[in-house]
Amino acid sequence: MALTNIEPVSRESTAGIIARQLRAAIMSGALAPGTQLGESELAARFQVSRGPLREAMQRLVSEGLLRSERHRGLFVIDLEAGDVLDIYTARGAIERAAVLLILRGDIAAAADRLDATVREMASAAHDDDPAALSTADLRFHEALIEASGSKRLVRMASTLLIETRMCLTALQDTYSHVEERVGEHTQIIEALRAGDERAVLALLDAHMEDAVRRLAPGSSLHP
């Protein structure tokens, strides 16, 4: 069968480049939740006309990262309590499934891979680098899912990537001692390495529940 509608792949468009950079800024917290995006300022910063900038921002609106307010403009989304619950409910389902698959496979290799990310977390905590700590935290959960060997779980998790990082950035200010975050992840690895399914699932669930309570006080994954 002839693929008559297939066209040559073109280089990334200007709008695509702008959208990618804005996503990264939202993910890292450089563009904080609730921030209003001014067209004139951004067009000057990117040194582009308003056309590709508007196209890029509309992409982020369709992805749910920006919200439009009539007569006011575009804003970075705020993660309300319902959003936090939804994100962690989805993440919990994906990561529980990943753990069950890991326990059927090479547990030691998965645990070693996770150990490397926790060492990154510990190093960031020692250096008092909250951004690096959140990056390493995100890598832990990405590595957990990748270690499952399930392409579909990885693909599902990738759709939550930016919102997850937004949550992790918000979590930075809720810990009195950042070592708590390192300790939680270390416990998950130890239970995994021991092959204790009940313990690792309980620890993962408690880890998710703790994040929900910090980000959305009064909320719970288990009402």
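Within any chain, residue numbers begin from 1 and follow the written order of that chain's sequence. For this predicted model, a pLDDT threshold of at least 70 governs which residues receive local features, and a threshold of 80 or more governs which side-chain atom pairs are given and counted, while totals over whole chains, interfaces and linings are taken from all residues. Hydrogen atoms and water are omitted, and side-chain values are computed over all heavy atoms in the structure.

Caption draft 1: Spatial organisation of the overall build of the protein. From N to C terminus, the protein includes 10 helices and 3 strands. For the protein, the N- to C-terminal ordering of α and β elements is α-β-α-α-β-β-α-α-α-α-α-α-α. Overall, the C-alpha framework of the protein stretches about 55 × 55 × 35 Å when taken along its three principal axes. Residues counted as buried form 39% of the 223 residues belonging to the protein. Contacts in the protein between residues far apart in sequence, at least 24 positions, make up 70% of those at least 6 positions apart. Total accessible area on the protein is roughly 12,500 Å²; 51% of this is exposed by carbon and sulfur atoms. Charged side chains in the protein number 25 positive and 33 negative. The centres of these two groups are separated by 7 Å. Helix and strand definitions follow DSSP, with helices as H or I runs of at least four residues and strands as E runs of at least two, each counted in order from the N terminus. Per-residue accessibility, obtained with a 1.4 Å probe over protein chains only, is compared with the maximum for each type, and a residue is labelled buried under 20%, exposed over 50%, and partly exposed between these values. Whether two residues are in contact is decided by their heavy atoms: any pair within 4.5 Å suffices. The method behind every accessible area is Shrake-Rupley, applied with a 1.4 Å probe, and residues are considered shielded solely by the protein chains displayed. Charge convention: Lys and Arg are scored as positive, Asp and Glu as negative, and His as well as the terminal groups of each chain are ignored. Each charge is placed at NZ for Lys, CZ for Arg, CG for Asp and CD for Glu.

Caption draft 2: Helix 9 (residues 179-193), seen in detail. Any helix carries an expected span of 1.5 Å times its number of residues minus one. Its 15 residues give helix 9 an end-to-end C-alpha distance of 21 Å, which sits within 8% of 21 Å, the value for a rise of 1.5 Å per residue. Residues of helix 9 that are buried in the fold lie against helix 4 (81-102), helix 5 (107-126), helix 6 (130-146), helix 8 (161-171) and helix 10 (197-215).

Caption draft 3: Spatial organisation of the sheet that holds strand 2 (residues 66-69). Whether two strands pair comes down to DSSP finding at least two bridges between them. Ordered by their spatial adjacency, 3 strands build an open sheet running 1-3-2, and the pairing between neighbours is antiparallel. Where the open sheet ends on each side, the last strands, each with one partner, are strand 1 (36-37) and strand 2.

Caption draft 4: Representation of the pattern of salt bridges. Each reported salt bridge corresponds to a side-chain nitrogen of Lys or Arg within 4 Å of a carboxyl oxygen of Asp or Glu. Across all of its chains, the model carries 17 salt bridges by this definition. As a salt-bridge pair, Glu39 and Arg54 come within 3.0 Å of each other at their nearest N and O atoms. With Glu39 in helix 2 (residues 39-46) and Arg54 in helix 3 (residues 50-62), the pair connects residues that are 15 residues apart, well separated along the chain. Glu39 sits in the partly exposed class, given a relative accessible area of 23%. Looking at Arg54, the relative accessible area reads 43%, which means it is partly exposed. In this structure, the salt-bridge partner of Glu209 is Arg213, at a minimum N-O distance of 2.8 Å. Within this pair, Glu209 and its partner Arg213 are both found in helix 10, separated by 4 residues, close to a single helical turn. Of the residues examined, Glu209 reaches a relative accessible area of 8% and is grouped as buried. The class for Arg213 is exposed, based on a relative accessible area of 51%.

Caption draft 5: Main features of the pairing of strand 2. Looking at chain direction, strand 2 and strand 3 (residues 73-76) are connected through 4 bridges and run antiparallel. Bridging across to strand 3, Arg67 finds its partner in Phe75. Connecting strand 2 to the next strand, strand 3, in antiparallel fashion are 3 residues, including His71 with a positive phi near 65°.

Caption draft 6: Geometry of unusual backbone geometry. Although it is not a glycine, Gln47 sits at a positive phi angle of roughly 60°. Along the chain, Gln47 turns up in the loop between helix 2 and helix 3. Classification of Gln47 as exposed rests on a relative accessible area of 71%.

Caption draft 7: Looking closely at the packing of helix 5 against helix 9. Contact geometry for helix 5 and helix 9: axes closest at 10 Å, N-to-C directions at 170°. Relative to helix 9, the element helix 5 lies roughly antiparallel. When helix 5 is examined against helix 9, the residues Ile107, Ala108, Ala111, Asp112, Leu114, Asp115, Val118, Met121, Ala122 and Ala125 are found in contact with a partner set consisting of Arg181, Val182, His185, Thr186, Ile189, Leu192 and Arg193. Side-chain classes are defined by residue name, with Ala, Val, Leu, Ile, Met, Phe, Trp, Tyr, Cys and Pro counting as nonpolar, Asp, Glu, Lys and Arg as charged, and the others, Gly among them, as polar. Here the contact of helix 5 with helix 9 is built from residues that sort into 11 nonpolar, 2 polar and 4 charged. A fitted line through C-alpha atoms serves as each axis, taken over the contacting stretch for helices, and the angle formed by two N-to-C directions is quoted from 0 to 180°. If an angle is under 35 degrees, it is roughly parallel; if it is over 145, roughly antiparallel; if it lies from 65 to 115, roughly perpendicular; otherwise it is oblique.

Caption draft 8: Region of interest: the environment of Ala147. Its location among the elements puts Ala147 in the loop between helix 6 and helix 7 (151-158). In this structure, the C-alpha to C-alpha distance between Ala147 and Glu180, residues 33 residues apart in sequence, is 24 Å.

Caption draft 9: Just the packing of helix 4 against helix 8, in detail. As a packed pair, helix 4 and helix 8 sit with axes 11 Å apart at the nearest point and diverge in direction by 115°. Relative to helix 8, the element helix 4 lies roughly perpendicular. Here helix 4 runs over helix 8; the crossing is left-handed. Of the residues in helix 8, those touching helix 4 at Ile87, Tyr88 and Arg91 are Glu163, Thr164, Cys167 and Leu171. Each residue belonging to the contact of helix 4 with helix 8 can be placed in one class, and the counts come to 4 nonpolar, 1 polar and 2 charged. Left-handed describes a crossing whose near helix is turned anticlockwise from the far helix through less than a right angle; right-handed describes the clockwise counterpart.

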